[in-house]
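Analysis of the macromolecular model
Read off the chains here:
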Amino acid sequence: MGRVTFPERSVEIDLDALRHNVGHLRDIAHPARVMAVVKADAYGHGAVPVARAALEAGAAWLGVAHISEGVELRRAGIEAPILSWLHTPHSDFVAGVENGLDLGISGWELDHVVAAARELERPAIVHLKIDTGLGRNGCPAEKWDELLSRAVGYQDEGVIRVVGVFSHLAVADEPTRPETDRQLELFREAVAAAENAGIDVEIRHLANTPATFSRPDCHFDLVRVGLGIYGLSPFADQGSADLGLKPVMTFSTVISTCKEVPKGQGVSYGHAYRTQEATTLGLIPVGYGDGVPRIATGAPVLVGERIYPVVGRIAMDQLVIDLGTPGLVDSSESPLGKRAVLFGGGRAPAVEDWAAAAQTINYEIVTRISGRVERVHLHVDGADDAGNDTAGIGSPSGASAPDDAGAGDDELA
Ligand SMILES: *Cc1c(COP(=O)(O)O)cnc(C)c1O
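Rules of the game
Residues numbered from 1 in each chain as written. Predicted model: local features only at pLDDT ≥ 70, side-chain atom pairs only at ≥ 80, totals over all residues. Heavy atoms only, no water. Helix = DSSP H or I, 4+ residues; strand = E, 2+ residues; numbered from the N terminus. Buried < 20%, exposed > 50% of the residue type's maximum accessible area, 1.4 Å probe, protein only. Contact = heavy atoms within 4.5 Å. Areas by Shrake-Rupley, 256 points an atom, 1.4 Å probe, with all protein chains shown as cover. Lys, Arg positive; Asp, Glu negative; His and termini not counted. Charge placed at Lys NZ, Arg CZ, Asp CG, Glu CD. 1 Å grid on protein atoms, 1.4 Å probe; cavity = no way out; pocket = protein on both sides within 12 Å on 5 of 7 lines; lining within 4 Å. Points joined across faces, edges and corners; volume = space filled by probe spheres on them. Nonpolar A, V, L, I, M, F, W, Y, C, P; charged D, E, K, R; others polar. Axes fitted to C-alpha atoms, helices over the stretch in contact; angles between N-to-C directions. Left-handed = near helix turned anticlockwise from the far one by under 90°.

1. Some remarks on the overall build of the protein
- A count of helices and strands for the protein gives 11 helices and 19 strands.
- With the principal axes as the frame, the protein shows a C-alpha extent of 80 × 45 × 40 Å.
- Looking at the protein residue by residue over its 413 residues, the buried ones come to 54%.
- For the protein, the share of sequence-separated contacts (at least 6 apart) that also reach a separation of at least 24 residues comes to 66%.
- Counting every atom, the protein has about 17,600 Å² of accessible surface; 49% of that belongs to carbon and sulfur.
- Positive and negative side-chain charges of the protein, numbering 35 and 57 respectively, have mean locations separated by a distance of 4 Å.

Okay, here's the thing in structure tokens:
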């Protein structure tokens, strides 16, 4: 016992799968370039190691929501172009300009960015964002001309340089809906207006992951892809493999208790589940404190070769699976200490299975895994196939990955 250091609960991040996905998206987007969106700690995958791997695989840009997220990438020594687009009047625009971040501007931010540029005596690089119909960020169409003329004035003064125009799509995950056509038309008009106002629009960008797959007419110069680089599908009727993607994250833990119970045993708070027959229960030591959605009762867990359902309420630290057979505890089949995989590649359940059980989307399942769960980055060095290569963010120093971390491995030393 104890020869292999195996994290008791971890998300493994397969950076080779991520590189594959970035390469695939590059091929699809070509000749447009790829911005790897690494906001929210790279959708829970660890921003710094993901950003590095994405750049190695040919992403030309990185995208983040907050200036602070971009600054964190710069502090890690990443020099690639980074765009940050979600600000408040309390955002640190000086840090943004000082760190050479490109800044997305929808309106009021322009004066803050200009003030920062003046303070630093360094021009700010700006992408103007038009709201073509999403109804969130972005300049309303009727205020676009005014924003353009203010931007041109500042550009003439030398305090900003406008390099891009962008917008964000509302329904691209449902390719048959007509709203995307209208957004595309408005986007083209906004770009034309910017050019007429005297702006040299080097970089036009509109597409997210779904539009990168389904709408080549939205590719323009750059596609901003998040979900796809993590190997997940944005479409309800297509999975990762259908799109040529490999899921990057595997969430696993170890069965912590195994117990024989009679028929009629109530399980977990509220006794929302009672056993139908005498059976064996397995206790899985992750819960909503680890980011497992509390409502996901019924979601699948892989142990050995088989999938078992979560039964009863999910608690803060633990959940229960019904192993379906009595008499396992004292047998050679005892699952105590075996690996339990909530989702991942290979034979493991898909992230989408957990999303369905939790009435949410795959984006949320991976992003919400909490900091209590160790991130183990595999294949940090692209050429190095060994497991002992954990990195950076979220990995306690000294942790080492299992030699073979493939989903479904059930024996631990
Ligand atoms: C999050 C985000 C993206 C990435 O969306 P995906 O669907 O994950 O590809 C692109 N652009 C903007 C503005 C975003 O906020």
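So much for the structure itself; the text now carries on.
2. Examining empty space enclosed by the protein
- Under the criterion given, the structure shown has 1 cavity of 30 Å³ or more.
- Of the voids in this model, the largest cavity is the one considered here, and its volume is about 40 Å³.
- In terms of lining, the largest cavity is formed by Lys-129, Ile-130, Asp-131, Thr-132, Gly-133, Leu-134, Asn-137, Gly-138, Ser-167 and His-168.
- Residue composition of the lining of the largest cavity, by class: 2 nonpolar, 6 polar and 2 charged.

3. Considering the packing of helix α7 (residues 144–157) against helix α8 (residues 179–196)
- At a closest axis distance of 10 Å, the pairing of α7 and α8 adopts a crossing angle of 35°. When the axes of α7 and α8 are compared, the crossing they make is right-handed. Contacts between α7 and α8 involve Trp-144, Asp-145 and Leu-148 from the former and Ala-190, Ala-193 and Ala-194 from the latter.
- For the contact of α7 with α8, a count of residues per class yields 5 nonpolar, no polar and 1 charged.

4. Things to note about unusual backbone geometry
- In this chain, His-30 is followed by Pro-31 through a cis amide linkage whose omega measures 5°.
- Locating Pro-31 in the fold gives a position in the loop between α1 (15–29) and β2 (33–37).
- We note that Asp-41 has phi near 55°; this positive angle belongs to a residue other than glycine.
- Relative to the helices and strands, Asp-41 resides in helix α2 (residues 39–43).
- Despite not being glycine, Phe-220 has its phi angle at roughly 50°, a positive value.
- The topology assignment puts Phe-220 in the loop between α9 (209–214) and β9 (222–225).

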